[in-house]
Amino acid sequence: MTKVLLEISGIHKRFGGLHALNDVALTINQGEIYGLIGPNGAGKTTLFNVLTGLYQPDEGKFTFNGKDLFCQKPYIVVGSGIARTFQNIRLFANMSALENVMVGRHVRTKASVFGAIFRPPQVKNEEAAIRARAMELLEYVGIPHHAEELACNLSYGDQRRLEIARALATDPQLLALDEPAAGMNPKETEDLKELMQKIRNDGVTILLIEHDVKLMMGLCDRIAVLDYGKKIAEGRPEEVKSNPRVIEAYLGVAPE
Ligand code: ADP
Ligand code: MG
């Protein structure tokens, strides 16, 4: 039985005269790797921003796990189980890799500001648990040896892994990755593919934006195509690949 995890419909987002998302609907099932592709400026990142509460859509419906998340604040969205990474990496550059992951973990902890300042024993215990879980996650994404290094000193590929670890620290049910392979070499991309498969096999549903078509075809269960803010196709990778509208969107001409 497939269970619907995320469902949006009739989503519109305008920036002044620009209609960045135009009546977008999609449904993501639990356990899927769901791909989102489309030319530059199609609205992919805008959709991520809507799904994570960073942008407020103008119209539409948005439910996650049966809960209404339309126009909710980012912390409510994260608390509901959606985590993301960014197209332009957003790490705390001058904190260690481990500390970056610990920040993500704080979403799931109870310590108040009072507790953080006076540090009673239960707060100290909680912090030790956060540190241990963060270390586990660095191991999980394959960079435990960089735990004490400043985030800004990691290689590009390792910074992207670190962002994934930080997102996983919030215990998401849906992990949304915005171009995680950008700037990676073929070996790093192949390793990333394995990491994404491992994450999915461990029960986390994945929503993925990527330009690397070969990677997407080999990885995604279903793919949606955005063009000028509209969803122009959706289906299994082989269906999408041979869809004339998709070919036209990418090549600017209709296929023979
Ligand atoms: P993609 O990720 O598919 O390349 P984006 O979602 O980043 O595309 O952008 C879609 C369109 O919306 C682009 O024309 C972009 O310039 C515009 N856009 C995105 N964010 C903003 C914003 N905050 N203000 C104004 N225009 C924006
Ligand atoms: Mg983008």
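This text follows the structure it describes.
Residues numbered from 1 in each chain as written. Chains lettered and ligands numbered in written order. Predicted model: local features only at pLDDT ≥ 70, side-chain atom pairs only at ≥ 80, totals over all residues. Heavy atoms only, no water.

(A) Representation of the packing of helix H5 (residues 121-141) against helix H6 (residues 156-168) within the structure. The N-to-C vectors of H5 and H6 enclose an angle of 135°; their axes lie 9 Å apart at closest approach. Considered as vectors, H5 and H6 are oriented oblique to each other. Our pair here, H5 against H6, has a crossing hand that is right-handed. From H5, Leu137, Leu138, Tyr140 and Val141 reach across to H6, where they touch Arg161, Leu162, Ile164, Ala165 and Leu168. Here the residues of the contact of H5 with H6 sort into 8 nonpolar, no polar and 1 charged. (Axes fitted to C-alpha atoms, helices over the stretch in contact; angles between N-to-C directions. Helix = DSSP H or I, 4+ residues; strand = E, 2+ residues; numbered from the N terminus. Parallel < 35°, antiparallel > 145°, perpendicular 65-115°, else oblique. Left-handed = near helix turned anticlockwise from the far one by under 90°. Contact = heavy atoms within 4.5 Å. Nonpolar A, V, L, I, M, F, W, Y, C, P; charged D, E, K, R; others polar.)

(B) Representation of the sheet that holds strand S9 (residues 222-227) in the model. Strands sit in the order S6-S7-S8-S3-S9-S10 across an open sheet of 6 strands; the sheet is mixed. Two strands lie at the open edges of the sheet, namely strand S6 (82-84) and strand S10 (230-235), each paired on one side alone. The average angle at which neighbouring strand axes cross in this sheet is 20°, direction not considered. In the sheet, S9 pairs with S10 via 5 bridges, with the strands oriented antiparallel. Counted as the bridge partner of aspartate 227 is lysine 230 from S10. On the sheet, H6 packs against S6 and strand S7 (174-178) and is oriented at approximately 155° with respect to S7. (Pairing = 2+ DSSP bridges.)

(C) Main features of the nonpolar core. Ranked by size, the top nonpolar core spans 46 residues in total, and within it Leu138, Leu162, Ile164 and Leu175 carry the most contacts. In this structure leucine 175 touches Ala83, Ile164, Ala167, Leu168, Ile199, Val204, Thr205, Ile206 and Leu207, once residues within four positions along its chain are discounted. Residues Phe62, Phe64, Val77 and Ile209 belong to the second largest nonpolar core, which totals 26 residues. (Core = buried A, V, L, I, M, F, W, Y, C linked by side-chain atoms within 4.5 Å. Buried < 20%, exposed > 50% of the residue type's maximum accessible area, 1.4 Å probe, protein only.)

(D) Representation of the site of ligand 1 in the model. Taken together, Phe15, Leu18, Ala20, Pro39, Asn40, Gly41, Ala42, Gly43, Lys44, Thr45, Thr46 and Tyr55 form the complete shell of residues around ligand 1. Take threonine 46: an N or O atom from its side chain is 2.6 Å from an oxygen atom of ligand 1. Relative to its unbound accessible area of 560 Å², ligand 1 is 64% covered by the protein chains. The set of elements that each furnish at least two residues to the shell around ligand 1 consists of strand S2 (18-29) and helix H1 (44-51). Here the shell around ligand 1 is built from residues that sort into 6 nonpolar, 5 polar and 1 charged. (Near = heavy atom within 4 Å. Polar contact = N/O pair within 3.5 Å; in protein donor to acceptor, adjacent residues only side chain to side chain. Areas by Shrake-Rupley, 256 points an atom, 1.4 Å probe, with all protein chains shown as cover.)

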